[in-house]
Amino acid sequence: MIHVSILVPNEAIMASIVDPRTIFTGANNFLEAAGHSPVFNIQFVGLSREVEYHEGLFAVRTDALLKDIKKTDLIIIPAISGQLERTIDINRDFIPWIIKHYNNGSEVASLCIGSFLLASTGLLDGKECSSHWQTANEFRQMFPDVTLVDGRIVTEQQGLYSSGGATSYWSLLLHLVEKHAGRDIAIVASKVFALEIDRKSQSPFIMFNGQKNHDDEPIRKAQEFIEQNIAEKISIDELADKFAIGRRHFDRRFKKATNNTAGEYIQRVKIEAAKKQLETSNKNINEIMYEVGYNDTKTFRNLFKKLTGLSPVEYRNKYNREAIVA
């Protein structure tokens, strides 16, 4: 059997502790119903016998302490919450344990921003990782040696798995069920739990808020200028001249401050504005395209799909209330 250690950290998101147990137990039940032996031996593993959440309103009782586990095949790191550096610190005793078991052959999977705890082990250095889009900037600042992959739901490298934001971790859990219990059981699980199987991207859910958590004031003013002139065609040379910075130096400073080139930033601001129009208005696609500064339909549609994973029409049909009702 596959021994699954679901970690029970302090300051974790309770659902991301309970949901892995639910789907792996469900997979066992589906296997038994089909006349096969169960695959997963599942345990909650923690630093103490009981961990309280939500100021003691709920508690999770662990099946074993870290020291009790001599061998495990799959470690699940749930999503964590709170001030992330502090949360990592109060869960630091998990880190050497995760490293030890990974080096002994265990696979490790982080759910949502459980990626911060996984990245703290150093195991992701030089590798790719998925996480919640909302904490992407903080992740990159804390773990510059890890390549955060924007938009991807599931990332797998050398026995290390990570998932995108919030409930998209169900896609990773389904992936693990398929790997260890087979495609047929994963399909049954997707139907019973009403999950979309093989979902690849979290791009449609990403909201671009502009990365202004930096101290470069001229670059912040350049960002604000871009955001206040969405309908205009803004060149990088124009921006550099406006803020009296040499072009090459401007490019380097913009990228360092925002994690985007100025060109990428302009595109993302314009597409975010288009998304909001598609969500709330009845304007046609061409009207919206012109209002955010594009006049070539193919260019606009290709960029929109690149950044959101959906065409403008698909996005409107998914998120516009009137389109949904119609």
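Right, let's walk through the structure included here. Computed from a predicted model, the values in this text were never measured in an experiment.

### Here we look at the sheet that holds strand β2 (residues 40–46)
Through backbone hydrogen bonds, the strands of a sheet pair up, either in parallel or in antiparallel fashion.
Item 1. Across the sheet, which stays open at both edges, the seven strands sit in the order β5-β2-β1-β6-β7-β11-β10 with mixed pairing between neighbours. For this open sheet the edge positions go to β5 (64–65) and β10 (154–157), each flanked by a neighbour on one side alone.
Item 2. Along the sheet, helix α3 (residues 94–103) contacts β1 (2–8), β2, β6 (74–77), β7 (107–110) and β11 (160–163); its crossing angle with β1, the most-contacted strand, is approximately 165 degrees.
Item 3. Where helix α6 (residues 169–181) meets the sheet, its contacts fall on β1, β2, β6, β7, β10 and β11, and the angle it forms with β11 comes to roughly 145 degrees.

### What about the environment of lysine 242?
Item 1. In this fold, lysine 242 is placed in helix α9 (residues 236–242).
Item 2. Accessibility expressed as a relative area gives 49% for lysine 242, which makes it partly exposed.
Item 3. In this structure the C-alpha to C-alpha distance between lysine 242 and glutamate 138, which are 104 residues apart in sequence, comes to 29 Å.

### A short note on the state of the cysteines
Item 1. Per the stated rule, a full pass over the model turns up zero disulfides.
Item 2. You can see cysteine 129 has no disulfide; the closest cysteine sulfur is in cysteine 112, sitting 11 Å from it.
Item 3. On the accessibility criterion, cysteine 129 (0% relative accessible area) is buried.

### Some words on unusual backbone geometry
Item 1. A positive phi angle, near 60 degrees, is found at glutamate 11, a position not held by glycine.
Item 2. Along the chain, the position of glutamate 11 falls in the loop between β1 and α1 (15–33).
Item 3. The backbone of glutamine 158 shows a phi angle near 50 degrees, a positive value even though the residue is not glycine.
Item 4. Position of glutamine 158 among the secondary structure elements: in the loop between β10 and β11.

### Section: the nonpolar core
Item 1. Counting 36 residues, the largest nonpolar core has Phe24, Phe40 and Ile76 as the members making the most contacts within it.
Item 2. When contributions to this core are tallied by element, the ones reaching two or more residues are β1, α1, β2, β3 (50–53), β6, α6 and α7 (183–192).
Item 3. One finds Ile69, Leu84, Ile98 and Val146 within the second-largest nonpolar core, a separate group that totals 32 residues.

### Some words on the packing of helix α8 (residues 217–228) against helix α11 (residues 262–280)
Item 1. Between α8 and α11, whose axes approach to 9 Å, the crossing angle comes to 40 degrees. As the angle between them shows, α8 and α11 are arranged oblique. The interaxial crossing formed by α8 with α11 has right-handed handedness. Listed contacts from α11 to Gln223, Ile226 and Glu227 of α8 are Tyr265, Ile266 and Val269.
Item 2. Split by residue class, the contact of α8 with α11 holds four nonpolar, one polar and one charged.

### Here's the deal with α6
Item 1. Helix length check: α6 (13 residues) gives 18 Å between terminal C-alpha atoms against 18 Å at 1.5 Å per residue, within 8%.
Item 2. Taken as a whole, α6 has its buried residues at Tyr169, Trp170, Ser171, Leu172, Leu173, Leu174, Leu176, Val177 and Ala181.
Item 3. Looking one or two places after α6, you find glycine 182, whose phi comes out positive at around 105 degrees.

### Focus on the packing of aromatic side chains
Item 1. This structure, assessed with the given rule, holds twelve aromatic pairs.
Item 2. Taking 4.7 Å as the distance between ring centres and 40 degrees as the angle between the ring planes, the aromatic pair formed by phenylalanine 24 and phenylalanine 40 counts as tilted. With phenylalanine 24 in helix α1 and phenylalanine 40 in strand β2, the pair connects residues that are 16 residues apart, well separated along the chain. Across the pair, phenylalanine 40 and phenylalanine 24 agree in class, each one buried.
Item 3. Taking the ring centre of phenylalanine 44 as reference, the NZ or CZ of arginine 21 above it sits at 4.4 Å.
Item 4. In this structure, lysine 270 packs its charged tip against the face of tyrosine 294, placed 5.9 Å from the ring centre.

Cut-off values and rules
- Residues numbered from 1 in each chain as written.
- Predicted model: local features only at pLDDT ≥ 70, side-chain atom pairs only at ≥ 80, totals over all residues.
- Heavy atoms only, no water.
- Pairing = 2+ DSSP bridges.
- Helix = DSSP H or I, 4+ residues; strand = E, 2+ residues; numbered from the N terminus.
- Contact = heavy atoms within 4.5 Å.
- Axes fitted to C-alpha atoms, helices over the stretch in contact; angles between N-to-C directions.
- Buried < 20%, exposed > 50% of the residue type's maximum accessible area, 1.4 Å probe, protein only.
- Disulfide = S-S within 2.5 Å.
- Core = buried A, V, L, I, M, F, W, Y, C linked by side-chain atoms within 4.5 Å.
- Parallel < 35°, antiparallel > 145°, perpendicular 65-115°, else oblique.
- Left-handed = near helix turned anticlockwise from the far one by under 90°.
- Nonpolar A, V, L, I, M, F, W, Y, C, P; charged D, E, K, R; others polar.
- Expected span 1.5 Å × (residues − 1).
- Phe/Tyr/Trp six-rings, centres within 6.5 Å; stacked < 30°, edge-to-face > 60°.
- Lys NZ or Arg CZ within 6 Å of the ring centre and 35° of its normal.

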